Amino acid sequence: MFLFGFGNLIYISVLLLNAVCILSEDRFLARINFTPSSYERAFGQTADASVKGKMIQLIASVRTLMRVPLIVINTLIIVYELVRF
């Protein structure tokens, strides 16, 4: 269970968040029909419990909420790596 250190776990999670945040809606997400505009519900319609709907909502919320914190976290990781060596 302790194959990875805590630092490596943080690096992996930051890299995965970066990967989700840099997905282009025009080039990649539209091609596989994962854009939030392709999933707009009608007024009064209940929440969709499908996996695709939840994935679209997750990608959209991560891209919106984690943009600024990821800039700060990436900067701190770069500064740490520069000071470490």
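Residues numbered from 1 in each chain as written. Predicted model: local features only at pLDDT ≥ 70, side-chain atom pairs only at ≥ 80, totals over all residues. Heavy atoms only, no water.

### Here we look at a nonpolar patch on the surface
Counted only if it meets this: Exposure above 30% relative accessible area and the absence of a salt bridge qualify a residue for a patch, where like charges join within 9 Å and nonpolar side chains (Val, Leu, Ile, Met, Phe, Trp, Tyr) within 5 Å. Residue burial considers only the protein chains on display, and all accessible areas are found by Shrake-Rupley using a 1.4 Å probe. By definition here, a salt bridge exists when the distance from a side-chain nitrogen of Lys or Arg to a carboxyl oxygen of Asp or Glu is within 4 Å. Strands are runs of DSSP state E lasting at least two residues, helices are runs of H or I lasting at least four, and both sets are numbered from the N terminus onward. Note on exposure labels: buried denotes an accessible area under 20% of the residue type's maximum, exposed denotes more than 50%, and partly exposed covers the range between, all computed with a 1.4 Å probe on protein chains only.
Nonpolar side chains collect at one region of the surface, where Phe-6, Leu-9 and Ile-10 lie side by side and expose about 330 Å² of accessible area between them. Following the sequence through the fold, Phe-6 ends up in helix α1 (residues 6-21). In this structure Phe-6 comes out as exposed when scored by relative accessible area, which is 66%.

### Let's talk about the packing of α1 against helix α3 (residues 51-65)
Using the following cut-off: To get an axis, fit a line to the C-alpha atoms, keeping to the stretch in contact for a helix; angles then go from 0 to 180 degrees between the N-to-C directions. Every angle not falling under 35 degrees, over 145, or within 65 to 115 is termed oblique; those three ranges are roughly parallel, roughly antiparallel and roughly perpendicular. We call two residues contacting when some pair of their heavy atoms lies within 4.5 Å. Ten residues, namely Ala, Val, Leu, Ile, Met, Phe, Trp, Tyr, Cys and Pro, are considered nonpolar, four, namely Asp, Glu, Lys and Arg, are considered charged, and the remaining ones, Gly among them, are considered polar.
For the pair α1 and α3, interaxial distance at closest approach is 9 Å and the crossing angle is 105°. When the axes of α1 and α3 are compared, the pair comes out roughly perpendicular. In contact with Leu-17, Val-20 and Cys-21 of α1, α3 contributes Ile-59, Val-62 and Arg-63. Looking at the contact of α1 with α3 residue by residue, the classes come out as 5 nonpolar, no polar and 1 charged.

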